[in-house]
Amino acid sequence: QVQLVESGGGLVQPGGSLRLSCAASGFSFSIYHMGWYRQAPGRERELVARISSGGNTEYADSVKDRFTISRDNAKNTVYLQMNSLKPDDTAVYYCKAERFRYFVWGRGTQVTVSS
């Protein structure tokens, strides 16, 4: 019953914003590192942003200054605020939890940026 469930995806116009949520259950969320990844059709999955159990963050160069990752340990939830969205941001966005050699993926949520 370890589970990650993403939500908040959808269709948005270029320049718009979305906030993705990843709700975790079945494990001690606060001690896990969390990340957002994305995968476009025919492309490899790539790291978008990650946040450590201590709150340190890292971002892919392509999303720096546009996306913000955060976590709310009281809600067992990690967020990805996405601003100034571009068509190249179109992908399925996946949440990942990781600690040492253990990791778990969510099933993903579709983000489509199109006019």
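Just above, that's the structure.
Here we summarise the structure given alongside this text. (Residues numbered from 1 in each chain as written. Predicted model: local features only at pLDDT ≥ 70, side-chain atom pairs only at ≥ 80, totals over all residues. Heavy atoms only, no water.)

1. Some points on the overall build of the chain
Part 1: For the chain, the helix and strand inventory stands at zero helices and eleven strands.
Part 2: Along the chain direction, N to C, the helices and strands of the chain fall in the order β-β-β-β-β-β-β-β-β-β-β.
Part 3: Relative to the compact-globule value of 13 Å for 115 residues, the chain shows a C-alpha radius of gyration of 13 Å, a close match.
Part 4: Dimensions of the chain, computed from the C-alpha atoms along their principal axes, are close to 40 × 25 × 25 Å.
Part 5: Burial status across the chain gives 40% buried among its 115 residues.
Part 6: Here the analysis covers contacts within the chain between residues at least 6 apart in sequence; of these, 53% occur between residues at least 24 apart. (Helix = DSSP H or I, 4+ residues; strand = E, 2+ residues; numbered from the N terminus. Rg over C-alpha atoms; globule rule 2.2 N^0.38 Å. Buried < 20%, exposed > 50% of the residue type's maximum accessible area, 1.4 Å probe, protein only. Contact = heavy atoms within 4.5 Å.)

2. Focus: the pattern of salt bridges
Pairing between side chains of opposite charge can happen when the charged atoms of each approach one another.
Part 1: Applying the stated criterion across every chain, the model contains six salt bridges.
Part 2: In this structure, the salt-bridge partner of Arg38 is Glu46, at a minimum N-O distance of 2.8 Å.
Part 3: The class of Arg38 is buried, set by a relative accessible area of 5%.
Part 4: The class of Glu46 is partly exposed, set by a relative accessible area of 37%.
Part 5: Put simply, Lys64 and Asp61 hold a salt bridge, and the shortest N to O gap is 3.0 Å. (Salt bridge = Lys/Arg side-chain N within 4 Å of Asp/Glu carboxyl O.)

3. Regarding the sheet that holds strand β3 (residues 18–25)
Part 1: Sheet architecture is open: four strands sit in the order β1-β3-β8-β7, paired in antiparallel fashion. Each of the sheet's edge strands pairs with one partner strand only, and the pair in question is β1 (3–7) and β7 (67–72). Averaged over all adjacent pairs, the angle separating strand axes in this sheet is 15°, with direction ignored.
Part 2: Pairing of β1 with β3 involves five bridges; the strand directions are antiparallel. In the strand pairing of β3, Glu6 is matched with Cys22. (Pairing = 2+ DSSP bridges. Axes fitted to C-alpha atoms, helices over the stretch in contact; angles between N-to-C directions.)

4. Observations regarding the environment of Glu6
Part 1: Summarising the element assignment, Glu6 is placed in strand β1.
Part 2: A relative accessible area of 9% means that Glu6 is categorised as buried.
Part 3: Considering only alpha carbons, one finds Glu6 and Trp105, 99 residues apart in sequence, at a separation of 9.9 Å.
Part 4: Those residues in contact with Glu6 that lie beyond four places of it in its chain are Ser21, Cys22, Trp36, Tyr93, Tyr94, Cys95, Gly106, Arg107, Gly108 and Thr109.
Part 5: Within the local environment of Glu6, its side chain forms a polar contact with the backbone nitrogen of Gly108, the two atoms lying 2.8 Å apart. (Polar contact = N/O pair within 3.5 Å; in protein donor to acceptor, adjacent residues only side chain to side chain.)

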